[in-house]
Amino acid sequence: MPKTTTDISEPRVYQYLASPLGKLTLIASDSALHSILWPDVLQTSKAKKNFLALEPSKNHPVCLQTALQLNQYFRSERKSFDIPFVLKGTAFQKEVWKVLLDIPYGCTLSYQEQAVRLGGKEKVRAVGRANGANPIPIIVPCHRVLGKSGALTGFAGGLETKSYLLELESIQ
């Protein structure tokens, strides 16, 4: 299981990772991963503004470790991650993301089941929004959450990406 950390430093570097999903952007501080951005995320003005404060890196230890483990995952050589990371969000978002970390490789959960684990099925929409705000996709596996009927629904990286990740884990 990935290691959450209480690292309070701000992210300072980024590194690109060519992947089967396109160019991912890894963002890290000295001791932890802070974010994995999907290829099209940097098109938004808010993301671009925050991104400009970061330094490019080709040899940052956290980014290198993340790239190595993600590449192993994409080659089906890794089923879990042990990268230190920071999850920044509201208390509710962090609860939602903690449930994601408990979904084993090759398994899924419905948004409704996730909401019930968090106190009630009436929280299903809030759970969906929190999953969509997950800053560390793949490692914090929001792709393993499906609609009640098992349908692919809502995913920040796009449904094609979600389908790819589920197929990689042999879920579909």
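Source: prediction; values computed, not measured.

Engineer: Explain the nonpolar core here, please?
Structural biologist: As a rule of thumb, soluble globular proteins bury nonpolar side chains together. In terms of nonpolar packing, the biggest core is built from 40 residues, with L33, L70, F74, I138 and I139 touching the most fellow members. Per element, the largest residue contribution to this core is 6 residues, and it comes from helix α2 (residues 61-74). Aside from chain neighbours lying at most four places away, what touches I138 is L21, L24, W38, L70, Y73, F74, F81, H143 and L165. Ranked by size, the runner-up nonpolar core spans 5 residues in total, among them Y14, L37, F51 and L54.

Engineer: Before we go on, may I ask you to explain the pattern of salt bridges in this structure?
Structural biologist: Oppositely charged side chains can pair when the atoms bearing their charge come close. For the structure shown, the criterion picks out 3 salt bridges. Of the charged contacts in the structure, one is a salt bridge between R75 and E77, with a shortest N-O distance of 3.0 Å. Owing to a relative accessible area of 47%, R75 belongs among the partly exposed residues under this scheme. In this structure E77 comes out as exposed when scored by relative accessible area, which is 54%. Notably, a salt bridge pairs R144 with E169, separated by 2.8 Å at the nearest N-O pair. Of this pair, R144 sits in the loop between α5 (124-132) and β8 (145-146) while E169 sits in the segment after α6 (159-168), placing them 25 residues apart in sequence. On the accessibility criterion, R144 (5% relative accessible area) is buried. Taking the relative accessible area as the measure of exposure, E169 reaches 4% and is therefore buried.

Engineer: Which parts of the structure should I look at to understand the packing of helix α3 (residues 91-101) against α5?
Structural biologist: To characterise two packed helices, one gives the angle between the axes of the helices and the distance between these axes. It is the contact of α3 with α5, at a shortest axis distance of 9 Å, that shows an interaxial angle of 80 degrees. It follows that α3 is roughly perpendicular to α5 by the angle criterion. Between α3 and α5, the contacting residues are F92, Q93, V96, W97 and L100 on the first element and A126, V127, A130 and N131 on the second. Here the residues of the contact of α3 with α5 sort into 7 nonpolar, 2 polar and no charged.

Procedures and definitions
- Along each chain, the written sequence defines residue order, and numbers are assigned to residues from 1.
- pLDDT decides what is reported in this predicted model: residues at 70 or higher carry local features, side-chain atom pairs at 80 or more are listed and counted, and totals for whole chains, interfaces and linings draw on all residues regardless.
- The basis for every side-chain value is the complete set of heavy atoms in the structure, and neither hydrogens nor water enter the calculation.
- Nine residue types can take part in a nonpolar core, namely buried Ala, Val, Leu, Ile, Met, Phe, Trp, Tyr and Cys, and a core is a set of them joined through side-chain atoms within 4.5 Å.
- For each residue, the accessible area found with a 1.4 Å probe, counting protein chains only, is set against the maximum for its type, and the residue is called buried under 20%, exposed over 50%, and partly exposed in between.
- Runs of H or I in DSSP of at least four residues are treated as helices and runs of E of at least two as strands, each being numbered from the N terminus.
- We call two residues in contact when some of their heavy atoms are within 4.5 Å.
- Any carboxyl oxygen of Asp or Glu that lies within 4 Å of a side-chain nitrogen of Lys or Arg is treated as forming a salt bridge with it.
- Only the stretch in contact is used when fitting a helix axis, every axis being a line fitted to C-alpha atoms; angles between N-to-C directions are given from 0 to 180 degrees.
- Between 65 and 115 degrees an angle is taken as roughly perpendicular, under 35 as roughly parallel, over 145 as roughly antiparallel, and anywhere else as oblique.
- Classes in brief: Ala, Val, Leu, Ile, Met, Phe, Trp, Tyr, Cys and Pro nonpolar; Asp, Glu, Lys and Arg charged; the others, Gly included, polar.

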